[in-house]
Amino acid sequence: MTPPPPYDGVHLIADLSGGRGLDDATLIERALREAAAAARATLLEVRLHAFGPGQGITGVALLAESHISIHSWPEHGYAAVDIFVCGRRCDPDAALATLVEMLGATLHSERRIARGFGVVQPA
């Protein structure tokens, strides 16, 4: 069996604190769209669910290269961000910087996970 072609994927997981507008669906959607553009990713669709006035939002930007998602808790000034992109062309760090800036947040923590065929060996 021929091994699969190399695949470069990065999964960036971040915790943001002190953000503003974490209950603003319009702002969250714009932030996801601009984060995808900053990452040089191909945006397919943005989907959001707002849990009600003053409550959090779950949003995802579906990318040809994977996804960018956010789950917010405005009552705690907290947002969990997940950026998964494949290929060397995409820049997950630029996407994260855009989200941090647009939400006026502080990056509390981030973890980077290598994903792909080069990481996992076939059984």
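Residues numbered from 1 in each chain as written. Predicted model: local features only at pLDDT ≥ 70, side-chain atom pairs only at ≥ 80, totals over all residues. Heavy atoms only, no water.

1. Thoughts on the pattern of salt bridges
So the rule is basically this: Take a side-chain nitrogen of Lys or Arg and a carboxyl oxygen of Asp or Glu: if they are within 4 Å of each other, that pair is a salt bridge. Comment: elements are numbered from the N terminus, with helices defined as DSSP H or I runs of at least four residues and strands as E runs of at least two. For each residue, the accessible area found with a 1.4 Å probe, counting protein chains only, is set against the maximum for its type, and the residue is called buried under 20%, exposed over 50%, and partly exposed in between.
Considering all chains together, one arrives at eight salt bridges under this definition. Measuring nitrogen to oxygen at the nearest pair gives 3.1 Å for the salt bridge that ties Glu65 to Arg89. Note that Glu65 is positioned in the loop between strand S3 (57–63) and strand S4 (66–73) and Arg89 in the loop between strand S5 (78–86) and helix H2 (92–102), a separation of 24 residues in sequence. Measuring nitrogen to oxygen at the nearest pair gives 3.5 Å for the salt bridge that ties Arg112 to Glu110. By relative accessible area, Arg112 is classed as partly exposed at 45%. Glu110 gets classed as partly exposed once you look at its relative accessible area, which sits at 36%.

2. A closer look at unusual backbone geometry
For Arg40, which is not glycine, the phi torsion reads 60 degrees and is therefore positive. Along the chain, the position of Arg40 falls in the loop between helix H1 (25–38) and strand S2 (43–50). In this structure Arg40 comes out as partly exposed when scored by relative accessible area, which is 41%. Of note, the phi angle at Ser66 is positive, near 140 degrees, even though the residue is not glycine. Tracing the chain through its elements places Ser66 in strand S4. According to the relative accessible area criterion, Ser66 is partly exposed, its value standing at 22%.

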